[in-house]
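Chains, contacts and geometry: an overview
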Amino acid sequence: MEYLVFVLSLWGIYAMQALLLDVLVGEMGLLALCQGVFFGCGAYGVVIVGSYPGSSLPLAAMAGIVISGLLAVTVGAVLSRLGGDDFALATYALALVFHDAVLHWTRATGGALGLVLPEQVWHRGDGLWANFAILAVIASLVGCAVWLSTRWRAAPLGRLVNAIREDETLTRSLGRPVERHRLAAMLATAIGGGVGGVCYALVVGVVDPGGFDPMASILLVAMIVIGGAGTALGPVVGAGLVIVIPEVLRLSGLSGSTAAHLKQMAFGVLLYLIVAFRPNGLFGRLAIGVERRS
Amino acid sequence: MQLVVNTAIYAAAVLLSALGFRLVYVTGRFFHFAHAITIPLGAYTTWLLMTSFGMPFVLAAGLAALVTGLLGSGLFLGTLAPLLDKGAGPQVLLLASLAIFFVAQHGLAVAFGDDAHAVTGTTAQAFEFFGGRATGTQVATVAVAVACAAAVWATEAYTRAGAQLLAVAEHAELSRVFGIDVRRVQAIAFAAGSGLGGVLGALIAADQSFAPDMGFQWLLPGVVAVLLGRVWHVGYVVLAACLVAALRTSAIWFLGGAWQNVLIYALLFAYFAAKPTRLAAANPLG
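Secondary structure summary: chain A contains 12 helices and 2 strands in total. Start at the N end of chain A and walk to the C end: the helices and strands fall as α-α-α-α-α-β-α-α-α-α-β-α-α-α. For chain A, the C-alpha radius of gyration of 19 Å lies close to 19 Å, the compact-globule estimate for 294 residues. Counting the 294 residues in chain A, one finds 56% classified as buried. Nonlocal contacts in chain A, meaning residues at least 24 apart in sequence, comprise 79% of its contacts between residues at least 6 apart. Total accessible area computed for chain A in this model is approximately 12000 Å², and 70% of it derives from carbon and sulfur atoms. Put simply, chain A has 17 plus and 16 minus side-chain charges, and the middle of one group is 8 Å from the middle of the other.

Printed below as a string of structure tokens:
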């Protein structure tokens, strides 16, 4: 039962982030491969700030979210001027820098071994109820993300963002600040990542570079691609599939290393099939990548 | 002096990586992440041919380059060209390429295991250059990189095939209108680019241990060199490869070995910060 709650919690954490990331990836058509950075900032932020004497969970959690937001504003000033595969590669470079930085800055991040969430911030106790409580909070956050993405899509701002995706030059010619909207979208996804990171630290109890490597960023985009962009259902279903496939393989009796590789191969095949034969994903409204070849 | 020699050897490896990536990038006009797999594929093929069939290194490396080139071209024709035909944009192709990379890299890991392998039996002879030392394989890496750069430059500058490649790179549709078999040119470019990746993999295998996940570690410095070298000019790409290698040496010297890649990745990010233009839409020879 505890394991089921753990898997459901992970699903919720990734689903919430995928819902917000869909604003950038789906609605704006920008292939953002750096969500793991904001996710990691939230997780490392809550653990590092939480380890200071006298710190508390609200303070540490707020610090993690603020760090994610500040980083988004800083790098967003550069990234908001980019588009197409330049944006994808620049965000991927950012994910690589972040991963290597947390891996080698051992004094602050604990290096490859990572850091343990301090007891003073969150004492899980030994009951299932603590896990249920976190799951309830995560489920509420997913509900909020669904509500936000649905409301936002129906609002004029949602249509404007779609207009940027379809014709950036035309939108700019109408006096709309494209860069500012991109920056706002990056900030929203970064805050989602920060909140997700805080929840991840509470659920797992340990943060290490493996959870926030470039692969994590790619997985989050893959959840949107597989489930489908531009809807609330798509990212949630996509996150569920990407989280569940490894768990099914875990139960198949294969050895740890082989199962891990087969999981990645299965994920690669699924991603290719979706991209090649169902560009709108399983439940999507929008295709990934609207750019036409010159 | 040893630092200069080490920088030259690394610059040669970066140059080989850059030349291979550049060929597939200019003709495909998308970031072909799966190109990274050609490097470990070349290393493992060389190792397999040497250990299972007792081939000498030079023959094994040549065959590895051939196998890698054919596989690279076959993968392009079988998986990515159909998407190009459907009018897929660079982002879709990038995602598809990433998916292929996952399958290939983890397929290699399932086939050969996660442990690092090493090729034995290559020459251990060392050469001395003004006080710096390099092994025979390292000298060969520099020679092969220089020869490949010269060959790519001469092909593009003086041959009909090179002119066709640049024409396809500049405007695929217009090239098709003028009777160039665009798909054939792309397939040859992907074969040559993948073959160069295979050569790099073979040379790395002869010099150090290798593992299935080595691809990105060698591809990304090459990508940085291609971008800093303004993509289209081989001479600038050579200079950019030297710059990347010099920066890596500086990072190791001043910050320690652990930070060598961070600087290269930061440079990649800084490139886009300083030059926010769309590479895919840029006029290649302008």
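Bringing the packing of helix α1 (residues 2-28) of chain B against helix α10 (residues 234-255) of chain B into the picture now. Residues and elements named next belong to chain B. Viewed as axis vectors pointing N to C, α1 and α10 meet at an angle of 135°, and their least axial separation amounts to 8 Å. The angle between α1 and α10 places the two elements in the oblique class. The handedness of the crossing between α1 and α10 is right-handed. Of the residues in α10, those in contact with Leu 3, Thr 7, Tyr 10, Ala 11, Val 14, Leu 15, Ala 18, Leu 19 and Arg 22 of α1 are Val 234, Val 237, Val 238, Ala 241, Cys 242, Val 244, Ala 245, Ala 246, Arg 248, Thr 249 and Trp 253.

Averaged over all residues, the pLDDT of chain A is 87; the fraction at 70 or higher stands at 94%. Ranking the helices and strands of chain A by mean pLDDT puts helix α2 (residues 35-50) of chain A first, with 95, and helix α7 (residues 156-166) of chain A last, with 79.

Another aspect to go through is a nonpolar patch on the surface. All names here are of chain B. Nonpolar side chains collect at one region of the surface, where Met 1, Val 4, Phe 127, Phe 129 and Phe 130 lie side by side and expose about 540 Å² of accessible area between them. Tracing the backbone through its elements, the reader meets Phe 127 in strand β1 (residues 126-129). Note on Phe 127: relative accessible area 33%, which makes it partly exposed.

Turning our attention to the confidence of the model for chain B. The pLDDT averaged across chain B works out to 88; a share of 94% of its residues lies at or above 70. Throughout residues 280-286 of chain B the model reports pLDDT below 50, and contacts reaching past four residues in sequence, or to other chains, amount to 13 contacts.

Quick look at helix α4 (residues 90-112) of chain B now. All names here are of chain B. The end-to-end C-alpha separation of α4 is 32 Å, in line with the 33 Å expected for 23 residues at 1.5 Å each. Counting buried residues along α4, 17 of its 23 residues qualify, which places the element largely inside the surrounding structure. With its phi angle positive at about 85°, Gly 113 sits one or two positions after the end of α4.

A word on the interface of chain B and chain A. The partner chain A presents 51 residues to the 49 residues of chain B that form the contact. Contact between chain B and chain A buries roughly 4400 Å² in total, counting both sides, with carbon and sulfur atoms accounting for 70%. One can count 0 salt bridges joining chain B with chain A. At the junction of chain B with chain A, the criterion picks out 4 residue pairs in polar contact (both at pLDDT 80 or more).

The next subject is the side chain of B:Thr45. Position of B:Thr45 among the secondary structure elements: in helix α2 (residues 38-53). Ignoring sequence-local partners within four residues, the contact set of B:Thr45 consists of B:Ala64 and B:Val67.

What follows concerns the nonpolar core. Judged by nonpolar contacts, the single largest core of 182 residues is most densely connected at A:Tyr14, A:Leu79, B:Phe31, B:Leu83 and B:Leu268. Here the element with the most residues in this core is α1(B); it accounts for 14 residues.

What counts, and at which threshold
- Residues numbered from 1 in each chain as written.
- Chains lettered and ligands numbered in written order.
- Predicted model: local features only at pLDDT ≥ 70, side-chain atom pairs only at ≥ 80, totals over all residues.
- Heavy atoms only, no water.
- Helix = DSSP H or I, 4+ residues; strand = E, 2+ residues; numbered from the N terminus.
- Rg over C-alpha atoms; globule rule 2.2 N^0.38 Å.
- Buried < 20%, exposed > 50% of the residue type's maximum accessible area, 1.4 Å probe, protein only.
- Contact = heavy atoms within 4.5 Å.
- Areas by Shrake-Rupley, 256 points an atom, 1.4 Å probe, with all protein chains shown as cover.
- Lys, Arg positive; Asp, Glu negative; His and termini not counted.
- Charge placed at Lys NZ, Arg CZ, Asp CG, Glu CD.
- Axes fitted to C-alpha atoms, helices over the stretch in contact; angles between N-to-C directions.
- Parallel < 35°, antiparallel > 145°, perpendicular 65-115°, else oblique.
- Left-handed = near helix turned anticlockwise from the far one by under 90°.
- pLDDT = per-residue confidence, 0-100.
- Patch = residues over 30% accessible without salt bridge, like charges linked within 9 Å, V, L, I, M, F, W, Y side chains within 5 Å.
- Salt bridge = Lys/Arg side-chain N within 4 Å of Asp/Glu carboxyl O.
- Expected span 1.5 Å × (residues − 1).
- Buried area = accessible area lost by both parts, 1.4 Å probe.
- Polar contact = N/O pair within 3.5 Å; in protein donor to acceptor, adjacent residues only side chain to side chain.
- Core = buried A, V, L, I, M, F, W, Y, C linked by side-chain atoms within 4.5 Å.

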